[in-house]
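Analysis of the macromolecular model
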Amino acid sequence: MKTIFQYDPWRLIETGLHKQDMRLCESITSIGNGHMGMRGNFEERYSGDSHRGTYLAGVWFPDKTRVGWWKNGYPLYFGKVINAMNILSLRVRIDREDIDLFCDRVESFSRVLDMKAGVLTREFTIRRDEGTVHVFFERFVSIARPEILALRCRVKADYDCKVALIPAIDAQVHNEDANYDETFWLFEGEEDDQDVLSVAVRTKENPFGTPRFAVCGAMAAVPTEKPRKVKTGMDEGYVSRKFVFDVEAGQTVGCDKFVSVTTSRDHSEETLLSAAQAGVLSARDAGYDALRREQERAWARRWEKADVRIEGDVAGQQGIRFNIFQLFSTYYGEDARLNIGPKGFTGEKYGGATYWDTEAYCLPMYTAIAGEEVARNLLQYRWLQLDGAYHNARQQGLPGALYPMVTFTGVECHNEWEITFEEIHRNSAVAYAIYAYTQYTGDRSYLDEFGIDVLLGIARFWVGRVHFSKRAQKYMIHGVTGPNEYENNVNNNWYTNRMAAWELSYTAEQLMLVPREKAQKLGVSAEEMRTFREISEKMYLPYDAQRDIFVQHDTFLDKDLMPASSLPEDQRPLNQKWSWDKILRSCFIKQADVLQGLYFLEHLYDKDVIRRNFEFYEPMTVHESSLSPCVHSILAASIGELQKAQELYRRTARLDLDNINNDTEDGLHITSMAGSWLSIVQGFAGMRTITGELSFDPQLPSGWEGYAFKIVYRGRLIEVSVSHEGTGLRLLSGDALDVKLHGKSVTLVPASQEAQGHQPPDSL
């Protein structure tokens, strides 16, 4: 575990140049605005090891996957996010020699990510034979103007010298994970018009008929003073403006760079260039300082609802804010065509834009702190891709809808068979999200109009995927990978079977409640609904009477069972130390499996059931999935194991900041970041909404002086604060509401009525 950045409530502060950990630092200092984002790469030239990456929301390429072990039903391509044009580039030359921190003598270096404002700052001092040069960079991608990048550079030397600044757009890029270093872009042309330089590119043709994307980047640069010389550079896929200054000792020179990036997702190809040019001219005319103030105000509005405050644990405070910042940098719900990629704008690993992580982890957080409309867009994304889910099921020779593990269009495009074919439990997460959203909001409109289509498609898939065991007189599901990806091709995974049974029952129940016209359009017969109920009631659920626990799958108890604490430290993480064969044969669990089901269906089981299963499975869990610690933290808190809950909160909150799984250099674990919010709100604060009633059962972790957060709930804004003095609940806006606190009913009255003598239930 390595912590490079200083503990600070609102900032990530790196002091000193960490050449050996450059990729790690680049991942952690990534920024984004939902439309685009980039790793924390240097603007100037850097010849050391680095992963330079800029990514655009919804822009991807179908890379081929047909190899020797290709089988029928396998995806034809591996959908992957693609590295887009480098819009950061701003070379700095002193007396015709590029600054390169890998080679230069660095006297001081700092990089600071201000999470409150969404601004990345970097400054350093290098020594040349003639003296020292100090360089300052600052940049942000605007959430007020999503197509705009603003970048500031300032240079000061303590000796007379010639300074050249070369802002540029460079589309000559490729993916690190590309086969044989292939590129995915074709150059469409470069232009110099009205002081705006632009580059147009298009994704290559592909044999799979998926959409191609056109992208235009337009740049304007404003020097701090009149340069001695200005020169324009243009090459295929590359444009630049060179400013040359004669600088006296102590003088500061620089430039502000503005870039607008437009894509064919949002503009017609005929207007792509003009939109980019208009955007960058508007940004230039507004000026860097005004754009920065816009940025600060826009982030302040988001933090007003979303911030979680922790007193007494600055590392935990930094962790939760970092995770919320990165989630909101990736997605804020404005576009139902988009989803939350597992790496967001921070890297290329995992390829696709969508995993089951969104429904299982992210949607509850977004519902509560971004609002119902944002959450509804996440659900709408799946409805819009229902045709692709039906296609995926047909590929496997099955009826109904099989939602993909990885997708951009709804069609499965993952390149690992054990996930593509077998990790079918993802269907249940999509269905459960509809249920959780409806219970949270109290609004059936999405379910009645759209969600029932999804539920029915999934139910029909389960009917085709189960088989009836005459020996056991039960329905079974064989050949699956459960949430624990350290086991493949198992029979009767408890989580998969239990959630399928729940989904079938829930779908049958909802079919009785949807409007009659909708029910008639669905074409569901009484016999089909009886089948849903029968399979649900007769689903085989592995159980061990001696231990009184649910069994992860049919043969799990035949393994050599031992706690993860018996593993030598030098054998961890297993996925980087052991062969896959050895992992699959072991008892060690990557993430919550049975416990994932108990987390979802907690309202159906008592605390003793949860405790027995937690005490059996958690000790064998190595938490090598980023999705693992939060579920265990929440369940630990619910059964009173607060120390374990706190330990696992720390792991999920600082997974990337401390590089706990030794893989952050590939990019951040964006979707799992919601787990740190869940660990506080559902774990320590005990918030529950799944039965349609809002309740809290707060606890205060050891070492914390207090914590507070806000939630949006059914048109209301509620603040929850927990300290040694007790729990405070305040209704900041909206109508009065009855909630439960530690099992007792409490009425929250609007803040305006508090001033008239109605007191908030503080210290209850």
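In terms of helices and strands, the chain carries 21 helices and 30 strands. Computed over the C-alpha atoms, the radius of gyration of the chain is 27 Å, within 12% of the 27 Å expected from 2.2 N^0.38 for a compact globule of 764 residues. Along the first, second and third principal axes, the C-alpha atoms of the chain reach 85 × 70 × 60 Å. Among the 764 residues that make up the chain, the fraction classed as buried is 63%. Considering only contacts in the chain between residues 6 or more positions apart, those separated by 24 or more positions represent 67%. When the accessible surface of the chain is split by element, carbon and sulfur atoms take 46% of a total near 28400 Å². Each charge class in the chain was averaged separately, 87 positive and 108 negative side chains, and the resulting centres sit 1 Å apart.

At a minimum axis distance of 10 Å, the contact between helix H5 (residues 357-369) and helix H9 (residues 426-441) shows a crossing angle of 20°. By the angle between their directions, the pair H5 and H9 is classed as roughly parallel. When you trace H5 past H9, the crossing you get is right-handed. For the pair H5 and H9, the contacting residues are Glu-359, Ala-360, Leu-363, Thr-367 and Ala-368 in the first and Ala-429, Val-430, Ala-433, Tyr-437 and Tyr-440 in the second.

Attention now goes to the sheet that holds strand S27 (residues 716-723). Pairing is antiparallel across the open sheet formed by four strands, whose spatial order is S20-S26-S27-S28. Because the sheet does not close on itself, it has two edges, and the strands there are strand S20 (309-311) and strand S28 (726-733). Neighbour to neighbour, the strand axes of the sheet diverge by 15° on average, direction disregarded. Here strand S26 (residues 706-713) pairs with S27 via eight bridges, running antiparallel. The residue of S27 that forms the bridge with Val-712 is Leu-717.

A word on the confidence of the model for the chain. Taken as a whole, the chain shows an average pLDDT of 94; of its residues, 97% reach a score of 70 or greater. Confidence drops under a pLDDT of 50 for residues 757-764, and excluding neighbours within four residues, the segment shows 21 contacts in the predicted structure.

Its place among the elements puts Thr-481 in the loop between strand S22 (474-476) and helix H11 (494-511). Dropping the residues within four chain positions of it, Thr-481 is found in contact with Glu-418, Glu-422, Glu-423, His-425, Glu-487, Asn-488 and Asn-489.

What follows concerns the environment of Val-712. You can see Val-712 is positioned in strand S26. With 406 residues separating them along the chain, Val-712 and Ala-306 place their C-alpha atoms 9.3 Å apart. Not counting the four nearest positions on each side in its chain, Val-712 is found in contact with Lys-305, Thr-367, Ala-368, Gly-371, Tyr-440 and Leu-717.

All right, on to the pattern of salt bridges then. Working definition: two side chains of opposite charge can pair if their charged atoms are close together. Across all of its chains, the model carries 59 salt bridges by this definition. In this structure, Asp-49 engages Arg-23 in a salt bridge whose closest nitrogen and oxygen atoms are separated by 2.9 Å. Highlighted residues: Asp-49 in the loop between strand S3 (36-38) and strand S4 (54-56) and Arg-23 in helix H1 (residues 22-28), separated in sequence by 26 residues. Relative accessible area serves as the criterion here: at 46%, Asp-49 is assigned to the partly exposed category. Salt-bridge contacts for Arg-128 lead to Glu-97; the nearest nitrogen and oxygen are separated by 3.9 Å. Here the residue Arg-128 occupies a position in strand S10 (residues 119-128), and Glu-97 occupies one in strand S8 (residues 97-98), the gap between them amounting to 31 residues. Arg-128 gets classed as buried once you look at its relative accessible area, which sits at 8%.

Moving on, we get to the packing of H9 against helix H10 (residues 445-465). At a minimum axis separation of 10 Å, H9 and H10 run at an interaxial angle of 150°. Classified by the interaxial angle, the pair formed by H9 and H10 is roughly antiparallel. Considering how the two elements wind past one another, H9 and H10 form a crossing that is left-handed. In contact with Asn-427, Ser-428, Val-430, Ala-431, Ile-434, Tyr-437 and Thr-438 of H9, H10 contributes Tyr-446, Leu-447, Gly-451, Val-454, Leu-455, Ile-458, Phe-461 and Trp-462. Here the contact of H9 with H10 is built from residues that sort into 11 nonpolar, four polar and no charged.

Below, the discussion takes up the sheet that holds strand S30 (residues 744-748). In a beta sheet, neighbouring strands pair by backbone hydrogen bonds and run either parallel or antiparallel. With mixed pairing, three strands are arranged side by side in an open sheet as S25-S29-S30. The sheet is open, and its two borders are formed by strand S25 (695-696) and S30, each paired with just one other strand. Looking at chain direction, S25 and strand S29 (residues 737-741) are connected through two bridges and run parallel. Residue pairing for S29: Phe-696 is matched across the bridge by Leu-741.

Before going further, it helps to examine unusual backbone geometry. Outside of glycine, negative phi angles account for most residues, and trans bonds account for most peptide bonds. Of the consecutive residues Arg-572 and Pro-573, the connecting peptide bond is found in the cis state with omega at -10°. Looking at where Pro-573 falls in the secondary structure, it is placed in the loop between strand S24 (549-550) and helix H14 (574-577). Although it is not a glycine, Arg-714 sits at a positive phi angle of roughly 50°. For Arg-714, the location among the structural elements is in the loop between S26 and S27. Looking at Arg-714, the relative accessible area reads 29%, which means it is partly exposed.

Moving on to the nonpolar core. Membership of the largest hydrophobic core comes to 230 residues, with the highest contact counts inside it found for Val-155, Tyr-366, Tyr-617, Trp-677, Ile-680, Tyr-707 and Ile-711. Here the element with the most residues in this core is H10; it accounts for 11 residues. Ile-711 has contacts with Ala-368, Tyr-440, Trp-677, Met-687, Leu-694, Phe-696, Arg-716, Leu-717 and Ile-718, leaving out every residue within four places of it along the chain. The next biggest cluster of nonpolar side chains, apart from the first, holds 18 residues, and it includes Ala-150, Cys-216, Ala-220 and Ala-283.

The rules we used
Residues numbered from 1 in each chain as written. Predicted model: local features only at pLDDT ≥ 70, side-chain atom pairs only at ≥ 80, totals over all residues. Heavy atoms only, no water. Helix = DSSP H or I, 4+ residues; strand = E, 2+ residues; numbered from the N terminus. Rg over C-alpha atoms; globule rule 2.2 N^0.38 Å. Buried < 20%, exposed > 50% of the residue type's maximum accessible area, 1.4 Å probe, protein only. Contact = heavy atoms within 4.5 Å. Areas by Shrake-Rupley, 256 points an atom, 1.4 Å probe, with all protein chains shown as cover. Lys, Arg positive; Asp, Glu negative; His and termini not counted. Charge placed at Lys NZ, Arg CZ, Asp CG, Glu CD. Axes fitted to C-alpha atoms, helices over the stretch in contact; angles between N-to-C directions. Parallel < 35°, antiparallel > 145°, perpendicular 65-115°, else oblique. Left-handed = near helix turned anticlockwise from the far one by under 90°. Pairing = 2+ DSSP bridges. pLDDT = per-residue confidence, 0-100. Salt bridge = Lys/Arg side-chain N within 4 Å of Asp/Glu carboxyl O. Nonpolar A, V, L, I, M, F, W, Y, C, P; charged D, E, K, R; others polar. Core = buried A, V, L, I, M, F, W, Y, C linked by side-chain atoms within 4.5 Å.

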